[in-house]
Amino acid sequence: MALAVRQFDAVVVGAGGAGLRAALQLAEAGLRVAVLTKVFPTRSHTVAAQGGIGAALGNMGTDSWQWHMYDTVKGSDWLGDQDAIEYMCREAPKVVIELEHFGMPFDRNEDGTVYQRPFGGHMQNMGAGPAVQRSCCAADRTGHAMLHTLYQRNVRARTQFFVEWMALDLVRDASGQVLGVTALEMETGEVVLFHARATLFATGGAGRIFAASTNAFINTGDGLGMAARAGIPLEDMEFYQFHPTGVYGAGVLITEGVRGEGGYLLNKNGERFMERYAPSAKDLASRDVVSRAMATEIKEGRGAGPNADYLLLKLDHLGPEVIDKRLPGIREIAKKFANVDPVREPIPVVPTVHYQMGGIPTNYHGEVVVPGRQGPNTVVPGFYAAGECACASVHGANRLGTNSLTDLVVFGKAAGDSVIRFLRENPGHKPLPADAAERSAARLARLDGQRGGESVHVLGNEIRRTMQAHCGVFRFPDLLAEGVQMIRALSDRVARSEIQDKSKVFNTARVEALELDNLIEVARATMVSAHARKESRGAHDRADCHDRPGFPNGRDDQNWLKHTLWYKEGDRLEYKPVNLKPLTAETIPPKARAY
Amino acid sequence: MAVTEADLRRLRWRCRRGLLENDLLLERFLVRHAATLDEGRLAALNALLERGDNELWDLLSGRVECDDARLAPVVAMIRDA
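Rules of the game
Residues numbered from 1 in each chain as written. Chains lettered and ligands numbered in written order. Predicted model: local features only at pLDDT ≥ 70, side-chain atom pairs only at ≥ 80, totals over all residues. Heavy atoms only, no water. Helix = DSSP H or I, 4+ residues; strand = E, 2+ residues; numbered from the N terminus. Rg over C-alpha atoms; globule rule 2.2 N^0.38 Å. Buried < 20%, exposed > 50% of the residue type's maximum accessible area, 1.4 Å probe, protein only. Lys, Arg positive; Asp, Glu negative; His and termini not counted. Charge placed at Lys NZ, Arg CZ, Asp CG, Glu CD. Contact = heavy atoms within 4.5 Å. Areas by Shrake-Rupley, 256 points an atom, 1.4 Å probe, with all protein chains shown as cover. Buried area = accessible area lost by both parts, 1.4 Å probe. Salt bridge = Lys/Arg side-chain N within 4 Å of Asp/Glu carboxyl O. Polar contact = N/O pair within 3.5 Å; in protein donor to acceptor, adjacent residues only side chain to side chain.

Novice: Would you mind showing me how to read the overall build of chain B here?
Specialist: Per the secondary structure count, chain B includes 5 helices and 0 strands. What you see in chain B, going N to C, is helices and strands ordered as α-α-α-α-α. Whereas a compact globule of 81 residues would reach a radius of gyration of roughly 12 Å, chain B reaches 12 Å, a difference of no more than 12%. The dimensions of chain B, computed from C-alpha atoms along their principal axes, are 35 × 25 × 20 Å. Counting over 81 residues, chain B shows a buried share of 54%. Positive and negative side-chain charges in chain B, numbering 13 and 15 respectively, have mean positions lying 3 Å apart.

Novice: Where do I start with the overall build of chain A in this structure?
Specialist: Secondary structure assignment for chain A yields 16 helices and 22 strands. In summary, chain A has a C-alpha radius of gyration of 23 Å against a globular reference of 25 Å for 595 residues, a match within 12%. The C-alpha extent of chain A, read off along each of the three principal axes, is 65 × 65 × 50 Å. For chain A, buried positions account for 62% of its 595 residues. Across chain A, the fraction of contacts at a sequence separation of at least 24, relative to all contacts at a separation of at least 6, is 73%. Of the roughly 21,500 Å² that chain A leaves accessible, carbon and sulfur atoms contribute 50%.

Novice: Is there a simple way to think about the interface of chain B and chain A in this case?
Specialist: Interface extent is often summarised as the accessible area lost during association of the parts. In this complex, chain B contributes 27 residues to the contact, which on the side of chain A involves 35 residues. With both chains or domains summed, chain B and chain A bury close to 2,700 Å², and 55% of this area falls on carbon and sulfur atoms. Taken as a group, B:R9, B:W13 and B:R16 account for 29% of the area that chain B buries against chain A, more than any other trio of residues on that side. On inspection of chain B and its partner chain A, the count reaches 6 salt bridges. A:R141 serves as the salt-bridge partner of B:D58, at 3.2 Å between the closest nitrogen and oxygen. Taken together, the links from chain B to chain A amount to 16 residue pairs in polar contact (both at pLDDT 80 or more). Those elements giving two or more residues to the side of chain B that touches chain A turn out to be α1 (5-14), α2 (20-33) and α4 (53-60) of chain B. Ranked by residue count, the leading element in the side of chain B that touches chain A is α2(B), at 7 residues.

These figures come from the coordinates and say nothing about function on their own.
Following this line, the structure appears as C-alpha cells:
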C-alpha cells in the first residue's frame, strides 16, 4: 500500500492527562511533536477524575513521600514495583507544584497554599494512622482542570494536534525498534504513516471490555491492542478495580453515600442479603465484601430481572425529603439511566468496573520493557507508555485513590524526559521497513472485503457480556475456564467482523470495527491472565482462594508474588518478578493487608 | 443545504465524550432523532457539543438551565429522549 508518510521527532498517541503532559515536555524541549487523538483533547476520559491528585505536600499537617509510598505499596497488595512507587511518590509534590505554576485552579487554604482533602487509604506513620489529607483538588473537577491547563500549555508550546485521528498499528523494524504508527484520519478515511524517532502511547484504559463499566465509550484499549499485535506482552491484565453499585445496563455510578444514608441491597426474593455476609456492617461493609456478596447472589441464581443478573438498591424507605436533600442528583440519575424513581422503586445495580491496573509494561522512566537480552525488563528502543494504558507498575493489584492522576502527570513527564534523552543519543530517523504499513493495510482490506461476517455491535456486546459474567468482580474457577474458551471463540468471530458502510468520509462504522480489534485483545489478555492466577490478591478475587493461615485474604506470596505477562501469540503467559527494592528507601515487606 | 449522511456520521462521532453520562444520553438522542434532524438543529447540536463535558452534563441532567436560546431546544430534546 503506497501511503503518505509524515516525519516527526516524536508521536504521542492519546491526549488525556498523560499524553498532554508528555507532549508538553517534548514540545518545550523544541522537538517536533505530533499528538494523535480520537476526540478533542479536553474531551478525554481524564475529565471524569473527581477525587484529586495525591501528593505529600504536607499543607494540612505533617506528611512525607515515604508515608505516601507505604500506602501505595499496601494498596497494591504488594504487587506494585517499589522502585516505581518510590519514584512516583517523590516526584508527586514537584509535579503538583508545577501544575500550580501552569495555572491549574487548585482549591486553596486561607494561607494561600493548595488545599488537600482526606481520601480513603491515605495514612500517616507508615499506615499506622491517623488519616492524612493528601489529595489536591479543583472542587470535584480536578481532571477537567488538569486537562484544560495542560492543553493550554501545549498550544502555547506549539504541539501539533491531529484531532479525530485513530492510530491503527505500531511500526517496528526487524530489530524490534519502534519507528512510529499508522493512523486513520476520520474526516477523509486516509491512512498516514507517522514516521517518528520515538513513539509514546497514552491511550488510556480498556474498561469498555465489561458490560458494566463507568468508562466513556472511547476507552477501548487501542494502545493495548496495537502493542499486543506488535508482539509486546501486556502486564497484570487480570487486575481491574470495581465499584459495587453502578446502574445496571448503563454503568453510571450510584454513590456509596446512598448506603451511608440507610439504603440497602435486596436480591430477587426481596431478602436483605448483606445480613448473611456481613452481620454487623451489613450494607456498609467494605467495597470488596459488598461486591463479592453481590456476585455470589447472582452466581447462585438470586439476582433480579429476566436474566437474574442484577440486584436492587432500595432507598424508598428514606422518604423523598432525605433523598432529595442528602443525596442530590441520585433521583435524576436513577430516572435517566434506570428508568425508575427511587422514591418509589429500587434501583437495579451491579458491580461496575472503573479502572485497569495492568497495561503495557514499562519501567519508571516510562520506557516500554519486555523480556529480552537484558533480562525481563529489556527496553524496547523508541517505545514509551504512560497513564492507564501503561503498567509501571505503581498500582499493582489495586490502585490507591487519587494515584491515577498522580500516575498520569509523573509518568507522562518521565516518559517525555526519556524520549528527549533517547533522541539526543539517536539522531535522525531510522529507515522504514518495506512492510511498515502492511498490518494496517491488511486489516483495512479484510474489513472492506468481508462478506458473511457478523456485526460489530453484536460482537462487542458478546465480549462485554462474557467478560462480565465470567471474569467479574468475584471470580469462580469454573466460570473462568469456560470464559477462556468463550473469549477465544469470540476472537475468531471478531476476525470476520463485517461493516455494511464502506464509505470513506467519517466512516464511524469502520472506526468501531477497528476499535473492536483492540477490545478483543484486551478481553483475551484479561480472561487468560485471570484464569491462570490461582490466588486472590487486591482486585483479583477468586472464590477458590480465600483467607486461610499463611494465605492472608487468599494471597499466595510463595507462588504468585510476580507479574503476569500475556502475549497475543498463542495466549502465552510468562511471569516476571515484582521489584521489592525501592530506589533509596527500605523495602516494605509483604504483610496481610487490612484496613 | 440538506443534512448529509456524512454530517450525521460526523455528529455521531462528536457525541463520543469524556463522560459516560453524556455518551449515554447523546446515544439515546441519536437513536430517536438522528434520522429527522434538520440543518438548524444540526448546527445547534454541533455548537452544544463544543461545550466541555462537565458543563454539558450539567445542562443535560437539568442541574443548570440553558442560557442560550439557540441551544435550549436541542438541550430539551436530549433531556426528553
